[in-house]
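Fold and contact review
So the chains spell out like this:
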Amino acid sequence: MTKHKNKTNWLNYFRPTIFIKSFADINIFLLKKIGIRMLICDLDNTLSPHFTRWPNKKVVDFCRQLQSNGIKLAIISNNSKKRVLTYTSRLQPNEIIFNAKKPLKRKILKMLERLDLRPNEVIFLGDQFITDIWVANRIGSKSILVLPIINQSSDDSSSRLIRFLDKFIYKKLEYGNYLRLDYARDKGLTDEYQFI
């Protein structure tokens, strides 16, 4: 008897817990309700375009609301020290990691260990499968994928490769109905984040 392998198994590495349009759609009270103690957030194209030096009022208010509800904020970016520290100086997150080298997980795991946080107590927020969702799944945390704020253009070959792979993964997941923007609504996840 021949066993049929599930050809989509590899896609599970890149499946976000939920997929929504923007960080502004996140219900912070419900994150707290399901026991989230820290939101690990990407910066560029998740909170602001890569060319924006400072966070806007919507970003500042979101971050303050997180922290006022007892949810720690970590900004973890692959960008440079200067870029990340300049941007986050107006947010005052609890933790900052620049040059994070996502999807490598070493720096993130060290941070969680230092803060005595378990993977099920944190949730990742990002706009890319390769650098954000994959690292969350490797660690065993929940994740929220958002639409990129802008279509980034870069001459950097590694950035072009990541964007190409992200588009490929997006199409594969969309084909399996894993990434419908109404999926969260249909499952009641916008009202109750019943993460499955």
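Residues numbered from 1 in each chain as written. Predicted model: local features only at pLDDT ≥ 70, side-chain atom pairs only at ≥ 80, totals over all residues. Heavy atoms only, no water.

1. With respect to helix H2 (residues 57-68)
Relative to the 16 Å expected for 12 residues at 1.5 Å per residue, H2 spans 16 Å between its end C-alpha atoms, a close match to the ideal helical length. Inspection of H2 places Val59, Val60, Phe62, Cys63 and Leu66 among the buried residues, and these make up the whole buried set. When H2 is viewed along its axis, its buried side chains cluster within an angular range of 165 degrees and face the same direction. Residues of H2 that are exposed and point over 90 degrees away from its buried face: Lys57, Lys58, Arg64 and Ser68. (Helix = DSSP H or I, 4+ residues; strand = E, 2+ residues; numbered from the N terminus. Expected span 1.5 Å × (residues − 1). Buried < 20%, exposed > 50% of the residue type's maximum accessible area, 1.4 Å probe, protein only. Arc of directions from axis to C-beta.)

2. So, the packing of aromatic side chains
Counted according to the given criterion, the structure contains two aromatic pairs. Between Phe14 and Trp134, the ring centres sit 5.5 Å apart and the planes meet at 50 degrees, which makes this aromatic pair tilted. In this pair, Phe14 is assigned in the segment before strand S1 (18-20) and Trp134 in helix H5 (residues 129-139), connecting sequence segments 120 residues apart. When the ring centre of Trp54 is taken as reference, the NZ or CZ atom of Arg90 above it lies at 3.8 Å. Cation over ring: Arg138 sits above Trp134, and NZ or CZ is 5.5 Å from the ring centre. (Phe/Tyr/Trp six-rings, centres within 6.5 Å; stacked < 30°, edge-to-face > 60°. Lys NZ or Arg CZ within 6 Å of the ring centre and 35° of its normal.)

3. Focus on H5
Burial runs high along H5: eight of the 11 residues are buried. All of the buried residues along H5 are Phe129, Ile130, Thr131, Asp132, Ile133, Val135, Ala136 and Ile139. Phi turns positive, to about 95 degrees, at Gly140, one or two residues after H5.

4. Structural notes on the environment of Ala24
Its location among the elements puts Ala24 in the loop between S1 and helix H1 (28-33). Given the relative accessible area of 41%, Ala24 is considered partly exposed. Counting along the chain gives 23 residues from Ala24 to Leu47, while the straight-line C-alpha distance between them is 9.3 Å.

5. So, the nonpolar core
Counting residues in each nonpolar core, the largest one holds 26 residues, and the members touching the most others are Ile26, Leu39, Leu125 and Ile144. Elements with a minimum of two residues in this core: S1, H1, strand S2 (38-41), H2, strand S3 (72-76), helix H3 (81-88), strand S5 (122-126) and strand S6 (142-146). Beyond its immediate stretch of four places on either side in the chain, Leu39 contacts Leu31, Leu66, Ile71, Lys72, Leu73, Ala74, Ile123 and Leu125. Ranked by size, the runner-up nonpolar core spans 15 residues in total, among them Ile108, Met111, Leu112 and Ile139. (Core = buried A, V, L, I, M, F, W, Y, C linked by side-chain atoms within 4.5 Å. Contact = heavy atoms within 4.5 Å.)

6. Quick notes on the pattern of salt bridges
By the definition in use, this model includes seven salt bridges. For Asp42, the salt bridge is made with Lys102, and the minimal N-O distance between the two is 3.1 Å. Of this pair, Asp42 sits in the loop between S2 and H2 while Lys102 sits in the loop between strand S4 (95-97) and helix H4 (106-115), and the two are 60 residues apart along the sequence. Take Asp42 and Lys102: they sit in the same class, and that class is buried. Three or more residues are tied together by salt bridges with common partners; here these are Arg37, Arg118 and Glu121. (Salt bridge = Lys/Arg side-chain N within 4 Å of Asp/Glu carboxyl O.)

7. As for unusual backbone geometry
Here the bond from Lys102 into Pro103 is cis, since omega is 20 degrees, no more than 30 degrees from zero. Within the fold, Pro103 resides in the loop between S4 and H4. Its identity is not glycine, yet Lys101 carries a phi of approximately 60 degrees, on the positive side. Residue placement: Lys101 occurs in the loop between S4 and H4. Its identity as a non-glycine residue notwithstanding, Asp116 has a phi of 55 degrees, on the positive side. Assignment of secondary structure puts Asp116 in the loop between H4 and S5.

8. A few points about the environment of Thr88
By the secondary structure assignment, Thr88 is in helix H3. Look at Thr88 and you get buried, because its relative accessible area is 2%. As for Thr88 and Arg53, which are separated by 35 residues in sequence, their C-alpha atoms are 9.5 Å apart. Setting aside chain neighbours within four positions, we find Thr88 in contact with Ile75, Pro93 and Ile96.

Don't take any of this as a statement about function, it's just geometry.
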